[in-house]
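The residues making up each chain are set out below.
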Amino acid sequence: MSVNVAEVESLLAGEPGEKLSSRVRGGRLQKETYERNFDDLHPPFTVQEAVVEADRCYFCHDAPCLEACPTGIDIPGFIRGIQTGNVEGAGRTILGANILGGSCARVCPTEILCEGACVWHGRNGKPVKIGALQRYATDWLMDRSIQPFVRASPSGKRVAVVGAGPAGLACAHHLSRLGHDVIIFEQRAKAGGLNEYGIAAYKVPHDFAQREIAYLMSLGGIEIRHGLMLGRDFDLPELLRGHDAVFLAIGLGAANRLGLPNEDLAGVEDAVAYIAALRQADDLSKLEVGEDVVVIGGGNTAIDIAIQAKRLGAVNVTIAYRRGSAEMSATSFEQELAQINGCTIRHWAAPVALHGKDGRLTGVEFATTETDPGGKLVIGEERFLLPADQLFKAIGQTLDRGAFPTTSSPLVETKIRIDSEFATSIIGVFAGGDCVSRDQDLTVVAVEDGKRAAAAIHNYLQP
Amino acid sequence: MADISCNIAGVRSPNPFWLASAPPTDKQYNVERAFKAGWGGVVWKTLGEDPPVVNVSSRYGAIGYRGQRMAGFNNIELITDRPLEINLREITEVKRNWPDRALIVSLMVPCEEASWQRILKRVEQTGADAVELNFGCPHGMSERGMGSAVGQVPEYIEMVTRWCKAHTRMPVFVKLTPNVTNILAPMRAAQLGGADGVALINTVNSITGVDLDLMAPMPMVNGKGTHGGYCGPAVKPIALGMVAEIARDTCGKLPISGIGGIETWRDAAEFIALGSGSIQVCTAAMHYGFKIVGDMISGLSHWMDAKGYATLDAFKGMATPNYVEWGELDMNFVTKARIDQDLCIKCGLCHIACEDTSHQAIAASRLEGRRYYEVIEAECVGCNLCQHVCPVEGCIAMVPVPTSAPYLTWKNHPRHPDNLATTE
C-alpha cells in the first residue's frame, strides 16, 4: 500500500467526487457479522474437553508453570481437581491466589507466562492449555455463585482504595477478607478498569468484567463510589483524614502523543479512548471506522485496536512499529493473531508527518528506521506514505499528573515509587498496579500487587 | 513373509487371532463380518439348553483412565439368549461358508452327563471344529450351578471334561476362570479329565464403580448392580501371569488359547511367547470393531520377519523358560537409573517419586537457573520407579552395572538363613 512521497498529491486527492468524510463510517457489516466478530475469541471448554486437556498435565513437581505465574496459582493442583471432577476445589485454589482468576484466564499472555513454561515444550509438544482450564474452573464457581471466602471478624479499620481496576479490586477483596472495611473511589461509571474499558472486546465478551466484579463484591465489606476522581473531587490529605490507610491503584490515565504537527486532524484517534468507547457501545455498527487504518505502536494495545478495527469492517489495517518484531512488547501470539485477522505489521517505520485535506487525515508519512551499532534507533533517509483515513495512536500511557495537584505527592518522575512493602513516601499511603514504577503492566501483575499490598496494609494497621 | 497359520490341538486357522466367546460371536451376521475382516477363528457365544436365558437391559460397565476409554470393561450378560436351534443352524452355515476358519463352540449346560451328551451330539452335527467348556462366567450362570461355580471346583472340572471327551470326537478346550487362588489346580483337573487344551482367562469378578448419586454399583439395572466379569487391557497382566504359570508347569505340552486384554499384535506376541497357541480377543473388537485384526495380522507378520521367525512355533513359549521363581533370580545383578539430560523436560516426577516414596536417589537442583535432576548412584537400588513415572520415552534408562560376580541365587546368598547358620 505504500507509495513514494512524489506520488502523494494525486493519491491524497482521493477519487473524483468522493467525500473524504464518508470513508470513516459505521455500519460496514451485517448485524450477525458484528456479533460473530466480537464474540468469544476462544469458546469455553466443554466438560469432556476440559478433562481431556487436564489429563495432559503431568502434575510436575516444582512445576515451572506455577513459578511463571505472577500470582503463584498452584496450577498442577487445580488441574488435578479438574481431572478428578473436583472442579470446586480447582476454582477455590485459583481464586485463593488470584481473585480475578477468571479475567486472567482470558486476558493473560499465557504464552509468556504459565503456558510458556510448560514442560511439554521440552518434548516439542503443545503446552497444556492452562488459561482455558483456569477459565473452566473459575466459570464453574461463578456460574453457581459459590463464594469461597468468608470475612474475618471486623477490625474496625477503614481503608480507601483509589481506582476499581484489577489492582484496586484485588486489594479491596483481600482487605475485606482480613476484616477491614473498604471504600473504593472510582472515577468511571463502572468498576473493572482496563478489564471493563481496555481489554479487546472478544477476550471478555458477555459483560464478563461486570459479572466477575459482582461475584467478587458478594463477599461484602466493599463499597464502590463512582464518579469521584482523585485530584478533581478529592485529594490525598482528605482521604488520609477519613481512612486508616490508602491504596492508590489509579493506573495510567493519560495517553502519549506522537508529537507531530496536525495531530488534531479528524481521524487521528487515541486507541485507548476508542477501545473504551467500543467496550461501552450498545450498538457496534455506530462505531465509525476507516477504510485505510494505520495503527502506531508495538504493544498489545496496538494489536487490540488493529484487530478490532478490522473486525469492525476496516478494509486495510497496518500496524507500524519503529523497531522489529522481536522488540514489540506484544507477544508473538498477539502479533500472529493480528496477522491472522488480516492486519499488516510494518516494522522499522516511524511516523514523521500527518497529511490531511479539509481538516481530515488522508495519509501518514513514515521514515524508515534502523539501529546503529550501539542499538540506538536511527531515522533513515527513505520516506514512504500510507494512505490513511483513520490513525490510532497506541504508543503507551502515562500517569495522569492531575491526580496530585498539591505539594503532597508520592510521585517520582512519571510514576509512583513504592518500597518492597508497597508503601509510598507518604505514611499510610500505599500503591500498586500500572501506576507504580515497574517493567510489566499485566493484569495478573496488578492483581498480585493488590494482593500483596493488602497484606502490607494489614500489617500496617496492626496496633 | 512369515507363516502365521495356527494349529492348536488339531484346530487349524489361517492366523492365531480368534474372537472369544462373547457378544461379537453370538450370531451368523457378526461372525461372517468378522471372517470378512480377516479373523482366523471364533469361539461361538456360549450355547445352553432351551429355553434360552433372558438377559437384562444395561449390561456393560467400563472404566476409563486419563481420557482413554475402556481401559477396563465389565459385563453382566449371560450366555446366548437365542434358541439353540437357531444357533446350531447358523453355526452349520457359517462353517460351510468359511471352511478354512476355526469355529469352536462354547458350551454351558447343567452339571449332568445327559445334558452334556445331548448338546455335544447336536454341536458335532454342525461341523464345528471343537468345543470350549465355559467354566468361567462369574455372574448369573454361577448362581445356577454353572460357569465359575464349576470352574472353581477342580473335581467338577475333571468330571465334566471326562464326560465331554467320552461323548464327542471333537477336541475339547476347557475355559478357566481366574477367580481362583491357584490356576494350576483347575488346569490339572482339566488335564486329568482329558482336555485337549485350556483357554484362559475368563473374566475377573468385579464391580466397575459406584454411582455416588444413586449409591449403587455399576453397571446399574434400575438402581441395583451386580458383580460382573472384568476384562479389557487392564486384565492383561493377570492373564499373562496365569498363562505363564500353566505353560511352565506343563512344559508347554498342554495347548493354551490365551485370552485377556489382547488389543494389538504385540499383546498377542507376548501371549504366544509365554506359550499360547492361539489367542482370543473380545473387548478390543467391541471397542473398535473387527477391522483391528488387519493390523494384528500385519504387525505380527512384520515383527516375525524382522526377528527371523518363520512360523508361530518358532517363538512360541520362548519366554517361558525365563519365567522363574523369585529365588532363582540373580542377586548379583545391579542396574542404575540414568537420566538423558537432553531429553529431560524438567517435570521433576522422577525426583518426587524417588524422594517421597523410594530411596532419595534423585537430587533436584538448579543449574544456571534451570531445573536439574540427577541420579545419586550410591543411593539408587535400580527399582525402575523413575523410569516408569517419566513421561518421556527413553529419557530414563536403567543401565546394568558391569560385574564379574557370578549368577547368585537367594539360596546361595550369604544372607540366606541357611548360609548364615553355616558361617556361624
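Under the annotation held in an unreviewed UniProt entry, chain B carries the name dihydrouracil dehydrogenase (NAD(+)) and is attributed to Arboricoccus pini. Looking at chain B in UniProt, the text filed under Sequence similarities (unreviewed entry) is "Belongs to the dihydropyrimidine dehydrogenase family."

An unreviewed UniProt entry lists chain A under the name dihydrouracil dehydrogenase (NAD(+)), with Arboricoccus pini given as the organism. One UniProt comment on chain A, placed under Function (unreviewed entry), says "Involved in pyrimidine base degradation. Catalyzes physiologically the reduction of uracil to 5,6-dihydrouracil (DHU) by using NADH as a specific cosubstrate. It also catalyzes the reverse reaction and the reduction of thymine to 5,6-dihydrothymine (DHT)." Under the UniProt heading Subunit (unreviewed entry), the note attached to chain A is "Heterotetramer of 2 PreA and 2 PreT subunits."

Attention shifts here to the sheet that holds strand E11 (residues 360-371) of chain A. Residues and elements named next belong to chain A. The antiparallel open sheet is built from 3 strands, whose spatial order is E10-E11-E12. The sheet is open, and its two edges are formed by strand E10 (349-357) and strand E12 (377-387), each paired on a single side. Across this sheet, the average inter-strand angle for adjacent strands is 25°, counted without regard to direction. Pairing geometry for E10 and E11, over 8 bridges, is antiparallel. Across the sheet, residue alanine 350 finds its bridge partner in E11, namely alanine 367.

Let us now look at the interface of chain B and chain A. Where interface size is quoted, it is often the accessible area lost as the parts come together. Each partner contributes to the interface: chain B provides 14 residues, whereas chain A provides 15 residues. Interface area, chain B with chain A, both sides summed: about 1,200 Å², of which 48% is carbon and sulfur. Considering only the side of chain B, the residues that lose the most area to chain A are Arg66(B), Ile345(B) and Arg371(B), jointly responsible for 44% of the buried surface there. One salt bridge connects Arg371(B) with Asp62(A), and the closest N-O pair in it is separated by 3.4 Å. The interface formed by chain B and chain A includes 8 residue pairs in polar contact (both at pLDDT 80 or more). When residues of the side of chain B that touches chain A are traced back to their parent elements, those giving at least two are helix H11 (349-357) and strand E21 (370-375) of chain B. Sort the elements by how many residues they give to the side of chain B that touches chain A and H11(B) lands first, with 3 residues. When grouped by side-chain class, the residues that make up the side of chain B that touches chain A number 7 nonpolar, 3 polar and 4 charged.

This part takes up unusual backbone geometry. All names here are of chain B. For the bond from aspartate 50 to proline 51, the omega torsion is -5°, close enough to zero to count as cis. Along the polypeptide, proline 51 turns up in the loop between strand E4 (41-47) and strand E5 (60-65). A cis amide bond links methionine 218 with the next residue in sequence, proline 219, at an omega value of 0°. Residue placement: proline 219 occurs in the loop between strand E13 (216-218) and strand E14 (220-221).

Of all hydrophobic cores here, the largest spans 88 residues; its most connected members are Trp39(B), Leu47(B), Val123(B), Leu200(B) and Ile246(B). Per-element tally for this core: the top contributor is helix H7 (residues 236-249) of chain B, with 7 residues. Once residues within four sequence positions are removed from consideration, Leu200(B) is found in contact with Leu176(B), Ile183(B), Met242(B), Val243(B), Ile246(B), Ile256(B), Ser257(B), Gly258(B) and Ile259(B). Ile99(A), Val161(A), Ala167(A) and Ala245(A) belong to the second-largest nonpolar core, a separate cluster that totals 48 residues.

Residues and elements named next belong to chain A. With respect to the helices and strands, leucine 265 occurs in the loop between strand E5 (254-255) and strand E6 (268-270). Given a relative accessible area of 11%, leucine 265 falls into the buried group. Considering only alpha carbons, one finds leucine 265 and glycine 374, 109 residues apart in sequence, at a separation of 36 Å.

A word on the domain arrangement of chain A. Here the domain parsing of chain A yields domain 1 (47-144), domain 2 (158-253 + 399-461) and domain 3 (256-397). Between domain 1 of chain A and domain 3 of chain A, the C-alpha centre-to-centre distance is 34 Å.

All names here are of chain B. Tracing the sequence through the fold places arginine 101 in the loop between helix H2 (84-97) and strand E7 (102-107). For arginine 101, a relative accessible area of 12% corresponds to the buried category. Within polar-contact distance, the side chain of arginine 101 engages the backbone oxygen of phenylalanine 35 at 2.9 Å.

Moving on to the pattern of salt bridges. All names here are of chain B. Under the counting rule described, the total for this entry stands at 37 salt bridges over all chains. Across the pair lysine 175 and glutamate 132 runs a salt bridge, and its minimum N-O distance is 3.9 Å. Highlighted residues: lysine 175 in strand E9 (residues 172-175) and glutamate 132 in strand E8 (residues 130-134), separated in sequence by 43 residues. Here aspartate 196 and lysine 165 are joined by a salt bridge, their closest N and O atoms 2.7 Å apart. Taken together, the residues aspartate 196 in the loop between helix H6 (184-193) and strand E10 (197-200) and lysine 165 in helix H5 (residues 154-167) connect sequence positions 31 residues apart.

The subject of this paragraph is the sheet that holds strand E17 (residues 429-431) of chain A. Residue and element names in this part refer to chain A. Pairing within the open sheet is parallel, and its 5 strands lie in the order E3-E2-E1-E4-E17. If you trace the sheet from one side to the other, it starts and ends with strand E3 (222-226) and E17, each paired once. Within the sheet, the average angular offset between the axes of one strand and its neighbour, ignoring direction, is 20°. When strand E1 (residues 158-162) meets strand E2 (residues 181-186), the two strands line up parallel, connected through 5 bridges. Its bridge partner being in E2, valine 162 is matched across the sheet by phenylalanine 185. The sheet contacts of helix H17 (residues 443-461) involve E1, strand E4 (245-248) and E17, and relative to E4 the element is tilted by about 165°.

Residue and element names in this part refer to chain B. Between H5 and H6, the least distance of the axes is 7 Å, while the angle of their chain directions is 30°. In this view, H5 runs roughly parallel relative to H6, as classed from their interaxial angle. For the pair H5 and H6, the sense of crossing is right-handed. On the side of H5, the interface is formed by Pro154, Ile157, Glu158, Thr161, Arg162 and Lys165, while H6 contributes Ala185, Pro186, Ala189, Ala190, Leu192 and Gly193. Here the contact of H5 with H6 is composed, by residue class, of 7 nonpolar, 2 polar and 3 charged.

Quick look at the packing of aromatic side chains now. By the definition in use, this model includes 13 aromatic pairs over all chains. Judged by centre distance (5.5 Å) and plane angle (70°), the ring pair of Phe430(A) and Tyr460(A) falls under edge-to-face. Placement of the pair is Phe430(A) in strand E17 and Tyr460(A) in helix H17, with a sequence separation of 30 residues. Judged by relative accessible area, which is 5%, Phe430(A) ranks as buried. Where Tyr60(B) meets Phe73(B), the ring centres are 5.1 Å apart and the plane angle is 40°; that geometry is what we call tilted. With a gap of 13 residues between them, Tyr60(B) in strand E5 and Phe73(B) in strand E6 (residues 68-75) connect regions that are remote in the sequence.

Further remarks concern the confidence of the model for chain B. Summary statistics for chain B give a mean pLDDT of 95 and a share of 99% for residues scoring 70 or more. Interface confidence for the predicted complex, expressed as ipTM, amounts to 0.83; the pTM equals 0.88.

Let's shift gears to the pairing of E9(B). It is a general feature of regular strands that their side chains alternate between the two faces of the sheet. Residue and element names in this part refer to chain B. The alternating pattern of E9 places Val172 and Val174 on one face and Phe173 and Lys175 on the opposite face, and all of these are buried. The pairing of E8 with E9 spans 4 bridges and is parallel. Across the sheet, residue asparagine 134 finds its bridge partner in E9, namely lysine 175. Relative to E10, E9 is paired through 3 bridges, and the arrangement is parallel. Across the sheet, residue lysine 175 finds its bridge partner in E10, namely alanine 199. Read from E9 through H6 to E10, the crossover connection turns out right-handed.

Cut-offs used in this document
- Residues numbered from 1 in each chain as written.
- Chains lettered and ligands numbered in written order.
- Predicted model: local features only at pLDDT ≥ 70, side-chain atom pairs only at ≥ 80, totals over all residues.
- Heavy atoms only, no water.
- UniProt positions renumbered as here; feature names shortened; annotations may be inferred.
- Pairing = 2+ DSSP bridges.
- Helix = DSSP H or I, 4+ residues; strand = E, 2+ residues; numbered from the N terminus.
- Axes fitted to C-alpha atoms, helices over the stretch in contact; angles between N-to-C directions.
- Contact = heavy atoms within 4.5 Å.
- Buried area = accessible area lost by both parts, 1.4 Å probe.
- Salt bridge = Lys/Arg side-chain N within 4 Å of Asp/Glu carboxyl O.
- Polar contact = N/O pair within 3.5 Å; in protein donor to acceptor, adjacent residues only side chain to side chain.
- Nonpolar A, V, L, I, M, F, W, Y, C, P; charged D, E, K, R; others polar.
- Core = buried A, V, L, I, M, F, W, Y, C linked by side-chain atoms within 4.5 Å.
- Buried < 20%, exposed > 50% of the residue type's maximum accessible area, 1.4 Å probe, protein only.
- Domains from an automatic or database assignment.
- Parallel < 35°, antiparallel > 145°, perpendicular 65-115°, else oblique.
- Left-handed = near helix turned anticlockwise from the far one by under 90°.
- Phe/Tyr/Trp six-rings, centres within 6.5 Å; stacked < 30°, edge-to-face > 60°.
- pLDDT = per-residue confidence, 0-100.
- Right-handed = clockwise from strand over helix to strand, strands pointing away.

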